Amino acid sequence: MYRDNTCGALRASDINSAVTLSGWVHKVRDKGFVVWVDLRDRYGLTQLVFDQDRTSSELLDKAKVLGRESVIRIKGEIIERASKNPNIPTGDIEVLVKELEILNDSLLPPFTIEDDTDGGEDIRMKYRYLDIRRNPVKDNLIFRHKVTMEVRKHLSDKGFIEVETPYLIKSTPEGARDFVVPSRMNEGQFYALPQSPQTFKQLLMVGGMDKYFQIVKCFRDEDLRADRQPEFTQIDCEMAFVEQEDILNAFEGLTKHLLKEIKGIDVEDFPRITYDEAMKRFGNDKPDVRFGMEFGELNAVAQHKDFNVFNSAELVVGIAVPGGASYTRKEIDKLIDWVKRPQVGAKGMVYVKCNEDGTYKSSVDKFYDQEDLAKWAEATNAKAGDLICVLSGTINETRAQLSALRMELAERLGLRKPDEFAPLWVIDFPLLELDEETGTYHAMHHPFTSPKPGQLELLETEPGKVKANAYDLVLNGNEIGGGSIRIHDKEIQATMFKHLGFTPEEAKAQFGFLMDAFQYGAPPHGGIAFGLDRLVAILGGQETIRDFIAFPKNNSGRDVMIDAPATIDEEQLKELHLKLDI
Ligand code: ASP
């Protein structure tokens with residue numbers, strides 16, 4: 001027997017019992033005549049004591065040379081500690097060791113296995129199995145497990161069935177590139193790894209599995225932006241015989257269940273705002289609504305004077321920064337530099353200080369009087385003591401820039417509190433999105449999303465105006481889920497493909513199986529998918545998803561521990577009928 005208890009289990013009530021423990025040597029403190037060893041496993045730390053009087057000098061000598069991270073088994077007696085450690089649950093006791101066996105030695109780890117380690121990100125990734133021994137990583141993985149168990153429990157209680165769908169499939173367009181897998185048995189042909197199980201879950205609806213979910217890996221070959229993983233996990237869900245309202249209610253229920261079970265908080269019914277409203281009020285389709293600083297559009301009150309920058313702009317818009325009137329000139333200049341950084345891209349920033357005495361002082365006093373500025377303050381909801389920051393330009397760019405500034409300032413002002421949760425639904429997304437570079441439209445969600453009733457005709461005339469039965473669930477400024485009511489009619493799906501630039505032949509080659517299935521009694525259906533990694537990170541009060549994935553890839557999509565991707569040998573290439581030309 002390796003152990004009859006874990007290193008986190010023993011308490012004062014166990015004193016005088018015998019115990020067998022196994023674990024890793026966390027720390028050795030050698031006082032000459034007595035040696036203390038902290039023994040660690042997933043459950044905690046237990047202090048072991050060796051001394052020549054109470055045990056044997058032979059055992060003491062063995063303990064003195066124990067290396068950090070060696071794996072040992074001990075037998076001993078649980079005794080009361082002379083100096084108790086109130087910081088750990090086993091702090092009242094120690095184990096007087098009678099037998100010690102070294103199960104395996106360890107090389108000296110390249111970083112300390114402590115909560116605050118001396119190891120940098122790269123080295124910790126290379127030795128991730130050591131990193132996982134550290135509490136912060138270990139606890140995150142346990143936390144993730146808890147969340148997924150709650151997801152499974154809730155959905156299963158509500159009648160959802162978890163069904164696995166294949167990984168070796170054909171392209172499922174979710175807007176990224178596919179990872180492909182060459183087929184040895186079918187020369188010159190490739191599987192694509194799923195960007196999502198989208199088409200399969202729709203086929204399951206045709207198959208009558210009217211409530212489906214799956215906790216599933218998805219693969220997207222995208223240029224890696226910070227904190228994106230090429231493979232990630234979704235809670236993928238689909239229901240048949242539902243309208244948008246049914247889906248929103250079902251998954252609001254899941255989210256509330258998680259907030260309650262995991263965080264112990266009850267939240268009110270989630271607010272719903274349209275995409276258009278989100279863009280107008282927050283410049284963003286995933287607004288963080290834990291704080292105000294809502295946009296105030298100023299065209300009407302700023303475009304009547306000789307200030308050409310504003311007069312020539314499509315949009316003039318501002319936010320009121322709480323307490324910002326006290327910023328020094330230097331601080332404001334820094335803020336202006338911040339919005340002018342290429343990542344944000346504003347050309348400049350106009351500001352107004354709302355003084356405590358009710359007067360205003362702006363960077364454009366030459367053009368605007370106190371009465372004008374009072375109107376700006378009204379439009380941006382600015383109070384005495386606030387600073388109004390105003391940007392201008394084209395609608396889309398200006399909104400994106402001011403939204404970036406809003407989030408940055410909220411961060412600096414400590415308004416993005418990790419223990420506060422403000423979920424909301426954003427609904428009525430546009431069906432199509434214009435690709436500014438090519439001038440063509442593509443599906444904003446995916447090509448299987450249905451337009452709102454009665455809007456199909458608009459596709460011919462004003463495609464950009466068509467709204468979809470599509471929705472996102474937003475939590476604290478992050479999109480944690482997104483979905484739609486699907487098209488379930490073959491003709492409408494064919495029309496949709498046509499508008500997305502597929503010839504009938506291309507549509508048939510790529511999605512013929514789905515359109516065929518629609519001819520055999522496809523029920524009305526819709527669904528949603530949550531990004532599990534991000535959801536877990538946010539519930540865990542952190543923003544980095546990598547910290548909640550056991551073996552993540554780095555920012556260049558590499559697994560530096562196993563060193564992947566890697567080349568394959570000639571023989572394997574030949575078998576796969578591949579020739580490299582590099
Ligand atoms: N397949 C979609 C996605 O991955 C989610 C959905 O529409 O259910 O974003």
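Scoring rules and cut-offs
- Residues numbered from 1 in each chain as written.
- Predicted model: local features only at pLDDT ≥ 70, side-chain atom pairs only at ≥ 80, totals over all residues.
- Heavy atoms only, no water.
- Axes fitted to C-alpha atoms, helices over the stretch in contact; angles between N-to-C directions.
- Helix = DSSP H or I, 4+ residues; strand = E, 2+ residues; numbered from the N terminus.
- Parallel < 35°, antiparallel > 145°, perpendicular 65-115°, else oblique.
- Left-handed = near helix turned anticlockwise from the far one by under 90°.
- Contact = heavy atoms within 4.5 Å.
- Nonpolar A, V, L, I, M, F, W, Y, C, P; charged D, E, K, R; others polar.
- Buried < 20%, exposed > 50% of the residue type's maximum accessible area, 1.4 Å probe, protein only.
- Polar contact = N/O pair within 3.5 Å; in protein donor to acceptor, adjacent residues only side chain to side chain.
- Arc of directions from axis to C-beta.

Student: Even after reading the chapter, I still don't get the packing of helix H4 (residues 135-157) against helix H6 (residues 244-263), so can you show me in this structure?
Tutor: In helix packing, the relevant descriptors are the interaxial angle and the interaxial distance, both defined with respect to the helix axes. Where H4 contacts H6, the axes come no closer than 10 Å and their chain directions differ by 135 degrees. Relative to H6, H4 is oriented oblique. Considering the relative orientation of H4 and H6, their crossing is right-handed. Seen from H4, the contacting residues are Phe-143, Lys-146, Val-147, Glu-150, Val-151, Lys-153, His-154 and Leu-155; seen from H6, they are Phe-251, Gly-253, Leu-254, His-257, Leu-258, Glu-261 and Ile-262. Along the lines of polarity and charge, the residues of the contact of H4 with H6 split into eight nonpolar, three polar and four charged.

Student: Explain unusual backbone geometry here, please?
Tutor: Most peptide bonds take the trans form, and the phi angle of most residues other than glycine is negative. Here the bond from Ala-564 into Pro-565 is cis, since omega is 0 degrees, no more than 30 degrees from zero. Assignment of secondary structure puts Pro-565 in the loop between helix H16 (532-539) and helix H17 (570-575). Look at Phe-241: it is not a glycine, yet its phi comes out positive at around 60 degrees. Here Phe-241 falls in the exposed class, since its relative accessible area comes to 63%.

Student: How should the side chain of Asp-131 be read in this particular structure?
Tutor: Relative to the assigned elements, Asp-131 resides in helix H3 (residues 128-131). Within polar-contact distance, the side chain of Asp-131 engages the side chain of Arg-124 at 3.1 Å. Discounting chain neighbours no more than four positions away, the residues touching Asp-131 are Phe-111, Arg-124 and Val-137.

Student: Sorry if this is basic, but what is going on with helix H11 (residues 370-380) here?
Tutor: Buried within H11 we find Asp-372, Leu-373, Trp-376, Ala-377 and Thr-380. Buried residues of H11 fall within an arc of 145 degrees about the axis and therefore sit on the same side. Counted as exposed and oriented over 90 degrees from the buried face of H11: Glu-371 and Glu-378. Downstream of H11 by one or two residues, Asn-381 has phi in the positive range, about 65 degrees.

All we've got here are geometric facts, nothing functional implied.
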